[in-house]
Amino acid sequence: MPWSFPQPRIHTGRYVTLQPLQPEQDVEALYRVSHGSPEAERVWDYLASGPFPDPNSMLVFLKRIVSHEDSLAFSVKSNMLGYLVGHIVIMSTVPELSL
């Protein structure tokens, strides 16, 4: 049976909910939690992109992330706080390792 690429869907866990990243909808919240103070901007210290000068620049970045056909991008919502706290990208899906 051939393996098909996983489809984006909502994953709800104990502490966070992963939901498919929607750049236009998520950018303001993601920008707010990752900019505005030295502590917030430390999230970008070891990443190739960011911090961004404004939400529109971050929107361009998020649109680029979701355009990749070989990865899955999710926004991360804290179940306790009730708002987005970040994003993740699953960049390698290997059919041989699927359950």
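What you see is a predicted model, and the numbers here were worked out from it, not measured in a lab.

### What about the pairing of strand β2 (residues 16–20)?
Okay, so step 1: Sheet topology note: the strand β1 (residues 11–12)/β2 ladder contains 2 bridges and is antiparallel. Counted as the bridge partner of threonine 12 is threonine 17 from β2.
Okay, so step 2: Between β1 and β2, which pair antiparallel in sequence order, lie 3 residues.
Okay, so step 3: As paired strands, β2 and strand β3 (residues 72–78) are joined by 5 bridges and run antiparallel to one another.

### Looking at the sheet that holds β3
Okay, so step 1: If you trace the 4 strands from one edge of the open sheet to the other, you get β1-β2-β3-β4, paired in antiparallel fashion. Looking at the sheet topology across the chains shown, the edges are occupied by β1 and β4 (84–90).

### Here's the deal with the packing of aromatic side chains
Okay, so step 1: Considering all chains together, one arrives at 3 aromatic pairs under this definition.
Okay, so step 2: For the ring pair tryptophan 44 and phenylalanine 52, a centre distance of 5.3 Å and an interplane angle of 85° mean the geometry is edge-to-face. Accessibility classification places tryptophan 44 together with phenylalanine 52 in one group, the buried group.
Okay, so step 3: On the basis of an interplanar angle of 35° and a centroid distance of 5.0 Å, the ring pair of phenylalanine 52 and phenylalanine 61 is categorised as tilted.
Okay, so step 4: A relative accessible area of 13% means that phenylalanine 52 is categorised as buried.
Okay, so step 5: Each residue in the set Trp44, Phe52 and Phe61 is aromatic and connected to the rest through ring pairs, giving one cluster.

### Some remarks on a nonpolar patch on the surface
Okay, so step 1: On the surface, a cluster of nonpolar side chains totalling about 440 Å² of accessible area is made up of Met80, Leu81, Tyr83 and Val85.
Okay, so step 2: Structurally, the position occupied by tyrosine 83 is in the loop between β3 and β4.
Okay, so step 3: Relative accessible area serves as the criterion here: at 43%, tyrosine 83 is assigned to the partly exposed category.

### Structural notes on the pairing of β3
One face of the sheet, then the other: side chains in a regular strand alternate in exactly this way.
Okay, so step 1: Along β3, 6 of the 7 residues are buried, which leaves the element largely enclosed by surrounding structure.
Okay, so step 2: Examined bridge by bridge, β3 and β4 share 6 bridges and lie antiparallel to one another. Paired with alanine 73 across the bridge in β4 is valine 89.
Okay, so step 3: Between β3 and β4, which pair antiparallel and follow one another directly, the connecting turn spans 5 residues, one of which, glycine 82, has a positive phi of 85°.

About the thresholds
- All residue numbers refer to position in the chain's written sequence, counted from 1.
- For this predicted model, a pLDDT threshold of at least 70 governs which residues receive local features, and a threshold of 80 or more governs which side-chain atom pairs are given and counted, while totals over whole chains, interfaces and linings are taken from all residues.
- Side-chain numbers here rest on the full set of heavy atoms in the structure, without hydrogens or water.
- A pair of strands is labelled paired if DSSP reports no fewer than 2 bridges between them.
- The helix and strand labels rest on DSSP assignments: H or I over at least four residues marks a helix, E over at least two residues marks a strand, and numbering proceeds from the N terminus.
- Each aromatic pair joins two rings of Phe, Tyr and Trp (for Trp, the six-membered one) with centres within 6.5 Å, and gets the label stacked for planes under 30 degrees apart, edge-to-face for over 60, and tilted for any other angle.
- Relative accessibility under 20% of the residue-type maximum defines a buried residue, over 50% an exposed one, and the middle range a partly exposed one, all with a 1.4 Å probe and only protein chains included.
- Exposure above 30% relative accessible area and the lack of any salt bridge qualify a residue for a patch; like charges then connect within 9 Å, and the nonpolar side chains Val, Leu, Ile, Met, Phe, Trp and Tyr within 5 Å.
- Residue-level accessible areas treat just the shown protein chains as cover; the underlying method is Shrake-Rupley with a 1.4 Å probe.
- A carboxyl oxygen of Asp or Glu within 4 Å of a side-chain nitrogen of Lys or Arg is what we treat as a salt bridge.

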